[in-house]
Amino acid sequence: MRAALWKWVALTALAAPGLFVASVHASTVENMRLWAAPDHSRLVFDLSAPVSASVFTLDNPSRLVIDLADTQLDSDPASIDLDGSAISEVRTGVREGDDLRVVLELDRAVEPRHFALSPNDQYGDRLVVDLEYPGESAVEDPIDPIESMIREQEIAAERARTVAVAEGLDPVETAPTVTEAQPHPKRDIIIAVDAGHGGEDPGATGPSGTREKDVVLEMADRLARMINQTAGFRAVMIRDGDYYIGLRQRTLIAREQKADFFVSIHADAFNSPRPHGSSVFALSQSGATSETAKWLATSENRSDLIGGVDGSLSLDDKDQVLRGVLLDLTMTATLNDSLTIGGAVLDRIGRVNDLHKPRVEQAGFVVLKSPDIPSLLVETGFISNPDEERRLRDGGYQERMMSAVFGGVRAHFEQNPPPASLLAWNRDHGRETDSNEYRIQPGDTLSGIASQHGVSLGQLRQVNELSGDVIRVGQVLRIPST
Ligand SMILES: [Zn+2]
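Being a predicted model, the structure only gives us computed values, none of them experimental.

Quick notes on the rules
- Residues numbered from 1 in each chain as written.
- Predicted model: local features only at pLDDT ≥ 70, side-chain atom pairs only at ≥ 80, totals over all residues.
- Heavy atoms only, no water.
- 1 Å grid on protein atoms, 1.4 Å probe; cavity = no way out; pocket = protein on both sides within 12 Å on 5 of 7 lines; lining within 4 Å.
- Points joined across faces, edges and corners; volume = space filled by probe spheres on them.
- Helix = DSSP H or I, 4+ residues; strand = E, 2+ residues; numbered from the N terminus.
- Nonpolar A, V, L, I, M, F, W, Y, C, P; charged D, E, K, R; others polar.
- Expected span 1.5 Å × (residues − 1).
- Buried < 20%, exposed > 50% of the residue type's maximum accessible area, 1.4 Å probe, protein only.
- Polar contact = N/O pair within 3.5 Å; in protein donor to acceptor, adjacent residues only side chain to side chain.
- Axes fitted to C-alpha atoms, helices over the stretch in contact; angles between N-to-C directions.
- Parallel < 35°, antiparallel > 145°, perpendicular 65-115°, else oblique.
- Left-handed = near helix turned anticlockwise from the far one by under 90°.
- Contact = heavy atoms within 4.5 Å.
- Core = buried A, V, L, I, M, F, W, Y, C linked by side-chain atoms within 4.5 Å.
- Domains from an automatic or database assignment.
- Donors = N, O, S within 2.8 Å, 3.2 Å for Na, K, Ca; no water.
- Pairing = 2+ DSSP bridges.
- Phe/Tyr/Trp six-rings, centres within 6.5 Å; stacked < 30°, edge-to-face > 60°.
- Lys NZ or Arg CZ within 6 Å of the ring centre and 35° of its normal.

## Thoughts on empty space enclosed by the protein
Inference 1: Following the criterion strictly, the structure yields 2 cavities of 30 Å³ or more and no others.
Inference 2: When its volume is computed, the second largest cavity comes out at roughly 50 Å³.
Inference 3: Considering the residues around the second largest cavity, the lining is formed by Leu283, Met331, Thr334, Leu335, Ser338, Leu368, Ser370 and Ser375.
Inference 4: In terms of residues, the lining of the second largest cavity owes the most to one element, helix 8 (residues 320-349), which gives 4 residues.
Inference 5: Across the lining of the second largest cavity, the residue classes break down as 4 nonpolar, 4 polar and no charged.

What follows is the structure, given as structure tokens:
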């Protein structure tokens, strides 16, 4: 049965789609767009009218079949860029006279999901087919289990301290300490870097056609690179390609990756060219309050946030009032951190660009709603302002803007390092966090690093006690001061 069906598909795939354009169909596929993310591919059909679709997989070889009832094709599947997706080939054919069959040849196991979207101001009717890769992480370089465990212990200790404070106990006496006898974990501080929009959501578009989703991804890349080059910090890119991630999903990924801080990079827009300047947003008080209520109402969240990440700190026996108090304390502390870091970031951004508003603004943006991860949204400039649109595309401006963002974040964590972090260890051992440190990235050479920092190769070898040129990725070098 399967073999027979396959033969039929192969035959009909040869038929030119143009042959049937003359007949009257309920809908037409006007375009097909593909987005490749680390954990899924998304195929979007732009349609002239809604269609009824049936989607199923076939094995040996692995294929996904998408049948669109009473639909014709007016788009060339060969023009789709399949790079980085699970799809190795797209074929189409006509079935039962007027149905369209699309067959995707797959290079891995997928779990398909599909849904229809009705028209919005950007697109008409769409059919979205998501191919999810079972067991794949949403990020390129996920946190490793040991790192994750260290973070969980640290978070549990912090929760215990908060509970003790809420109950009026002495936190020093009651809180379980991160075991002193063990070697200090010297963990990295994890910064979640979120490039706004992506995929079928381009964000705002400038007068010269610059798309927000592109420039914010470029800036996010620069920021992540800066973070990864700095000893004691590590970046997690929430999105690192041209694909869309839901807003809630972005905060979930940050939580999964045990981020210490979350920053979302955007570019502002207005319907006139005049407004300009950069802005920094933290969550609004009302946003925080309503989110707290929502978390309290959802038992899943409750066990995740209040129950203690490893189950060692259960609040099940504590009353509802205490839960509310605890969550309020957490949310308030998080918001305070966001505002402090936001101030430090805004200060530095003010040296790079005009500020749209002279203070950290507050709004109910969904990506800022993590109850326990300080979060900021940075509007790097107005893409609708021709001058700032030009600057947003400029590599030098992007670099200065991201360096301002990281400068503020870094200053905060140097003053308030999480207990298990390298920065805390440095502080406790009277060692200034050396700003003249560089962590080796893939592709680096010793001579390249030397010239990048304006020092000689000999000096660089000497202070790092290196005899040859062999370096490894992740190794931290001291950069001699010039
Ligand atoms: Zn935006």
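Additional details are given in the paragraphs that follow.
## Points about helix 10 (residues 395-415)
In an α-helix, one turn spans 3.6 residues; hence positions three or four apart end up facing the same way.
Inference 1: Taking 1.5 Å of rise per residue, 21 residues should cover 30 Å, and helix 10 covers 30 Å from first to last C-alpha, within 8% of that figure.
Inference 2: Turning to helix 10, its buried residues number three or more, namely Tyr397, Gln398, Met401, Met402, Ala404, Val405, Phe406, Gly408, Val409, Arg410, His412 and Phe413.
Inference 3: The N-cap of helix 10, judged by a side-chain oxygen 3.2 Å from the amide nitrogen of glycine 396 a few residues on, is aspartate 394.

## Remarks on the packing of helix 4 (residues 212-228) against helix 10
Inference 1: Two elements in contact, helix 4 and helix 10, have axes whose closest approach is 9 Å; the angle formed by their N-to-C orientations is 55 degrees. In terms of orientation, helix 4 lies oblique with respect to helix 10. For the pair helix 4 and helix 10, the sense of crossing is right-handed. Between helix 4, through Val215, Glu218, Met219, Arg222, Leu223, Met226 and Ile227, and helix 10, the contact on the second element is made entirely by Gly395, Gln398, Glu399, Met401, Met402, Ser403, Val405 and Phe406.

## Observations concerning the nonpolar core
Inference 1: In terms of nonpolar packing, the biggest core is built from 69 residues, with Ile191, Leu223 and Val263 touching the most fellow members.
Inference 2: Of the residues forming this core, the biggest block, 9 residues, is contributed by helix 4.
Inference 3: Composition of this core by domain shows at least three residues from each of domain 1 (2-132) and domain 2 (145-427).
Inference 4: Isoleucine 191 has contacts with Ile227, Phe233, Arg234, Ala235, Val236, Phe261, Val263, Val409 and Phe413, leaving out every residue within four places of it along the chain.
Inference 5: Membership of the second largest hydrophobic core comes to 25 residues, among which are Met32, Leu34, Leu64 and Tyr133.

## A look at the coordination of the zinc ion
Inference 1: Taken together, the protein donors to the zinc ion comprise His197 (NE2), Glu212 (OE) and His266 (ND1), at separations of 2.1 Å.
Inference 2: The sequence pattern describing where the donors of the zinc ion fall on their chain is H-x14-E-x53-H. On the criterion of sequence distance, the pair formed by histidine 197 in the loop between strand 10 (189-195) and helix 4 and glutamate 212 in helix 4 is long-range, its members being 15 residues apart.

## Describing the pairing of strand 12 (residues 261-268)
Inference 1: For strand 12, the tally of buried residues reaches 8 of 8 residues, placing the bulk of the element in the interior.
Inference 2: Neither face of strand 12 is exposed, since Phe261, Val263, Ile265 and Ala267 on one face and Phe262, Ser264, His266 and Asp268 on the opposite face are all buried.
Inference 3: Bridge count between strand 10 and strand 12: 5 bridges; the pairing is parallel. Paired with alanine 192 across the strands is phenylalanine 262, a residue of strand 12.

## Side note on the layout of surface pockets
Inference 1: Volume-wise, the second largest pocket comes out at about 460 Å³.
Inference 2: At the level of elements, helix 4 and strand 11 (233-237) are the ones that each hand at least two residues to the lining of the second largest pocket.
Inference 3: Taken together, the residues that form the lining of the second largest pocket break down as 8 nonpolar, 3 polar and 8 charged.
Inference 4: Inspection of the lining of the second largest pocket shows a minimum of three residues originating in each of domain 2 (145-427) and domain 3 (436-478).

## Considerations on the packing of aromatic side chains
Inference 1: Counted under the stated rule, the structure contains 3 aromatic pairs.
Inference 2: Between phenylalanine 261 and phenylalanine 413, the ring centres sit 6.5 Å apart and the planes meet at 75 degrees, which makes this aromatic pair edge-to-face. Residue phenylalanine 261 is found in strand 12, and its partner phenylalanine 413 is found in helix 10; the two are separated by 152 residues along the sequence. Comparing phenylalanine 261 with phenylalanine 413 shows no difference in burial state: the two are buried.
Inference 3: Measuring from ring centre to ring centre gives 5.2 Å for phenylalanine 281 and phenylalanine 365, while their planes differ by 75 degrees; the resulting arrangement is edge-to-face. Taken together, the positions of phenylalanine 281 in strand 13 (residues 279-283) and phenylalanine 365 in the loop between strand 14 (361-363) and strand 15 (375-382) put the pair 84 residues apart, joining distant regions of the chain.
Inference 4: For the cation-ring pair, arginine 33 lies above tyrosine 123, with the distance from its terminal atom to the ring centre recorded as 4.0 Å.
Inference 5: The ring of tyrosine 244 has arginine 250 lying over it, and the distance from NZ or CZ to the ring centre is 5.4 Å.

## Side note on the sheet that holds strand 4 (residues 63-68)
Each strand in a sheet pairs with its neighbour through backbone hydrogen bonds, running either in the same direction (parallel) or in the opposite one (antiparallel).
Inference 1: Pairing in this open sheet of 4 strands is antiparallel, and the strands run 3-4-7-6 from one edge to the other. Two strands bound the open sheet, and with one partner strand each, they are strand 3 (53-58) and strand 6 (87-95). The mean inter-strand angle of the sheet, taken between neighbouring strand axes irrespective of direction, is 15 degrees.
Inference 2: Looking at chain direction, strand 6 and strand 7 (residues 99-106) are connected through 8 bridges and run antiparallel. What sits directly across from isoleucine 87, in strand 7, is leucine 106.

## Structural notes on the sheet that holds strand 10
Inference 1: Taken in spatial order, the 6 strands make up an open sheet running 11-10-12-15-13-14, and their pairing is mixed. Of all the strands in the sheet, just strand 11 and strand 14 have a single pairing partner and so form its edges. Strand-to-strand twist in this sheet, taken as the mean axis angle between neighbours without regard to direction, amounts to 30 degrees.
Inference 2: In the sheet, strand 13 pairs with strand 15 via 3 bridges, with the strands oriented antiparallel. What sits directly across from serine 279, in strand 15, is glutamate 379.
Inference 3: Sheet strands touched by helix 9 (residues 386-393): strand 12 and strand 15. Its angle to strand 15, the strand with the most contacts, is close to 120 degrees.

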